[in-house]
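As a plain string of letters, each chain reads:
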Amino acid sequence: PPTPSPQPLTPADPLDLVPGIGRKDVHAFRRMGLRTVEDLLYHFPHRYDDYSSQKQIADLVVGSVETIVGEVSETRLAGGPRPRVEVSISDESGTIKAVFFGQPWLTKQLPVGKMIVLSGKVGAYGGLRQMASPTWEPYVPDSDALIHTGRLVPVHPLTKGLLDRNARKVIKQLVDAVAPHMPEYLPEATRAQAGLVGLGHAISQIHFPDSAETLTRARERLGFDEFLFIQIGVVQRKLLWQGELGYQLRLHEDVHADLQAQLPFALTGAQQRALAELFSDMARPVPMARLLQGDVGSGKTVVAAASLLQAIANGFQGALMAPTEILAEQHYKGLKKLLGRVRVPRQAQQEAEGETWRDRMSPEEAAQLAEIKALLGMTAEDDMDGEGVRVALLTGSLGAKERRRVLEGIAKGEVDLVVGTHALITESVRYHSLGLVVVDEQHRFGVEQRQRLRDKGFNPHLLVMTATPIPRTLTMTIYGDLDTSVLDELPPGRQVIRTRWVPRSDHAKVYRHMRKEIEKGRQAFVICPLVEESEKIDLPSAEEMYEKLQSEVFPDLRVALLHGKMLPREKDQIMVAFRDHAYDILVATAVIEVGIDIPNASTILIEGAERFGLSQLHQFRGRVGRGQHQSYCVLIPHKANDSSAERLEALAQTSDGFKLAEIDLQLRGPGEFFGTRQSGTPDLKVAQLADTRLLVAARAAAEAILGDDPQLAKPEHALLKQKVDAFWVEARKAG
Ligand code: ADP
Ligand code: MG
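All of the points below concern the structure found in this document. (Residues numbered from 1 in each chain as written. Chains lettered and ligands numbered in written order. Predicted model: local features only at pLDDT ≥ 70, side-chain atom pairs only at ≥ 80, totals over all residues. Heavy atoms only, no water.)

**A closer look at the sheet that holds strand S9 (residues 289–294)**
Thought 1: Pairing is parallel across the open sheet formed by seven strands, whose spatial order is S11-S12-S10-S13-S14-S9-S15. Edge positions in the sheet fall to strand S11 (391–394) and strand S15 (483–487), since each of these pairs with one other strand and no more. Between one strand and the next, the sheet's axes are offset by a mean angle of 20°, whatever the strand orientation.
Thought 2: With five bridges connecting them, S9 and S15 associate as parallel partners. Bridge pairing in S15 places glutamine 293 opposite valine 486.
Thought 3: Against the sheet, helix H9 (residues 269–282) touches S9, strand S13 (434–440), strand S14 (461–466) and S15, its axis set at about 155° to S15. (Pairing = 2+ DSSP bridges. Helix = DSSP H or I, 4+ residues; strand = E, 2+ residues; numbered from the N terminus. Axes fitted to C-alpha atoms, helices over the stretch in contact; angles between N-to-C directions. Contact = heavy atoms within 4.5 Å.)

**Regarding helix H1 (residues 23–31)**
Thought 1: Among the residues of H1, Asp25, Val26, Ala28 and Phe29 are the ones counted as buried. Projected down its long axis, H1 carries its buried residues within an arc of 160°, all on one side. Opposite the buried face of H1, by more than 90 degrees, sit the exposed residues Arg23, Lys24 and Arg31.
Thought 2: Lining the buried residues of H1 we find helix H2 (37–41) and helix H4 (164–177). (Buried < 20%, exposed > 50% of the residue type's maximum accessible area, 1.4 Å probe, protein only. Arc of directions from axis to C-beta.)

**Concerning the pattern of salt bridges**
Thought 1: Within this structure, the stated rule accounts for 35 salt bridges.
Thought 2: Between arginine 217 and glutamate 220 there is a salt bridge, with its nearest N and O atoms 3.2 Å apart. In this pair, arginine 217 and glutamate 220 both sit in helix H7 (residues 212–242), three residues apart, roughly one turn of the helix.
Thought 3: Taking the shortest distance from any N to any O, the salt bridge between aspartate 556 and arginine 515 comes out at 2.8 Å. Separated by 41 residues along the polypeptide, aspartate 556 in the loop between helix H20 (542–553) and strand S18 (559–562) and arginine 515 in helix H19 (residues 507–519) bring together distant segments of the chain.
Thought 4: Each of the salt bridges in this network shares a partner with another, and the network as a whole consists of Glu184, Glu188, Arg191, Arg221 and Asp225. (Salt bridge = Lys/Arg side-chain N within 4 Å of Asp/Glu carboxyl O.)

**Brief notes about the nonpolar core**
Thought 1: The biggest cluster of nonpolar side chains holds 166 residues, and the ones touching the most others in it are Leu228, Phe525 and Ile606.
Thought 2: Among the elements that line this core, the one with the most residues is H7, at twelve residues.
Thought 3: Setting aside residues up to four positions removed in sequence, phenylalanine 525 forms contacts with Phe578, Leu586, Ile592, Ile598, Ala601, Thr603, Ile604, Leu605, Arg623 and Val624.
Thought 4: Listed in part, the 20 residues of the second largest apolar core include Val510, Tyr511, Ala524 and Val559. (Core = buried A, V, L, I, M, F, W, Y, C linked by side-chain atoms within 4.5 Å.)

**Description of the sheet that holds strand S20 (residues 601–607)**
Thought 1: What the six strands build is an open sheet, ordered S16-S21-S20-S17-S19-S18; its pairing is parallel. Of all the strands in the sheet, just strand S16 (498–501) and S18 have a single pairing partner and so form its edges. Within the sheet, the average angular offset between the axes of one strand and its neighbour, ignoring direction, is 15°.
Thought 2: Pairing of S16 with strand S21 (residues 632–636) involves four bridges; the strand directions are parallel. Residue pairing in the sheet places arginine 498 in a bridge with tyrosine 632 of S21.
Thought 3: Sitting on the sheet, helix H22 (residues 614–621) is in contact with S16, strand S17 (523–527), S20 and S21, with an inclination near 150° to S20.
Thought 4: Its contacts with the sheet place helix H23 (residues 642–653) against S16 and S21, and it is angled at close to 165° to S16.

Here's what the structure looks like:
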């Protein structure tokens, strides 16, 4: 056989170079995506067998898992249908029998006189204590050299054809040879500050821990690193956004007061707190990057309106982006009605130009303006003759000519606020002076979108709004580049939506309830997990449900169908028709999650409810209860088990979206958040998302490191930079 390479192994070496590893095992590791020494060192155990409690044979307790050291005093092969090897092991206190099945060769490996270590569960057979199929290995005086017994024994995730004994042996060999020489990439100060153990130590202890305590410390170090890589990424994004000068906006108290006078209600405490944070951000010469989180119905729109108004009062334009055209239209109508009546100073233009923009207009321009106004449906009254906020809608459904006019109005600064979809930044919209962008219900507003705004020549303030309540640890990860404001208070007088989960056998009762509500003039939603019937998954589909309701259950009522496979235009048409009460019942898939206001809808029935996350169910529920009618949410699980019952019960008990999100995170893990909704967020091997303390420490470390070296360009950060870059490459692949 070839002599093993005399070169010491390095982390980058391929597994073939590891002395003693079999070809078959190399292939098996490769099937798991593990190619190099480093890959294997980062292939962490998924659990540990605690074989650390070592006892005298006389003291062994039946039923517990124990480890003994002793000498083989007898070995024999017993016949029968299942050949077994029976071995007696003795120490100075007594003797115990161990039985192994189907491994006749053990008679040779366990000759009389051999010292071995044995770990396993102590049982009793015919009144005598014995261990059935224990793990064993030859005794060595140095307890550190034990791999399979007598310690916390790691159990690594493996694939078919790979024996855990073999894998453990290879990993132990690598841990001993390579881990101590792994280059430390964390700055010494960071390590000291956070009280973390060294990298090599952490790697060896996570595989072969000396104790539960050292294992905890190892996990803490490696989990910190994962959080740190994420936080360095998001903090860098934030620094990039805020690295250039922003527009310093003065707070116009009078304009704000004027807005409040127009509102039919007083702002809640939470709205006022959020606005104070927004105004203070916008007053700084740094572009704001803020997330406004607030449960469905908490009143985010008016917060957005008040901020946009301030930008406009300072002589800038605002843009509001909605996820769909229909939502854009809804916002447009609401904002035009509200802001059109608020008088804003136009001194910015006047001072700059010495005369009003109106004075400068040529007759053609005046005619154009009149045309735009007509298009926008502005009467001289609600426009207050140009003194109120001028709001325009820009969507794909505008005709070419209207579209050109609106674009022109935006470019000339004759539109103060434009409402639309992503088209507002992706298409060739030229702004006159864009000062604030508000993004509603949008999870993904990233680096690329911001760059687009910059490419348009502006560095506006940014406000992102979301109704998806997200636990703090996730916010710091997913929205780590944004500061957060929370609307943690609903406007007064909100009715509670009566929520109940019922078995499938109660369908008839639920339908009776729906019919009663519809007879009172109300409307209802029915949500299904699938679009169409599937042979593989036995779950209610929207198409089937639609068929059944329209032809069997409610043949006399008007039922509509809405799902994600329809064209956006079709979806909008159905929604508008439902809003205008052309239908009584809307059967839909999860596409309904963010949608327009239908205050007349009073019941939402969710089929296969156990298939949805709590946060998502809470979003669905928010589709009703938007008017003055008592509203109902009925959940029908398709297959209920204990955990789904617990979740549905939680939804019935609380209407607090944040609490539900926390419960969801605990019960279902972060997959719900990372899976379908938020892609581009990396997989965490060690870090626990619920570990706020560690995450906060990592955030602080990221800020400290980048505060000193924003690009990680200093030589002492070179290794760290490599690690961070590699981590994000993986994350993007996963996303
Ligand atoms: P969301 O946060 O879900 O976007 P909206 O902004 O659509 O909520 O507000 C929901 C409803 O609550 C709207 O009808 C809005 O006019 C109303 N609203 C907002 N703020 C208040 C308040 N402070 N008092 C009473 N009603 C309010
Ligand atoms: Mg909203």
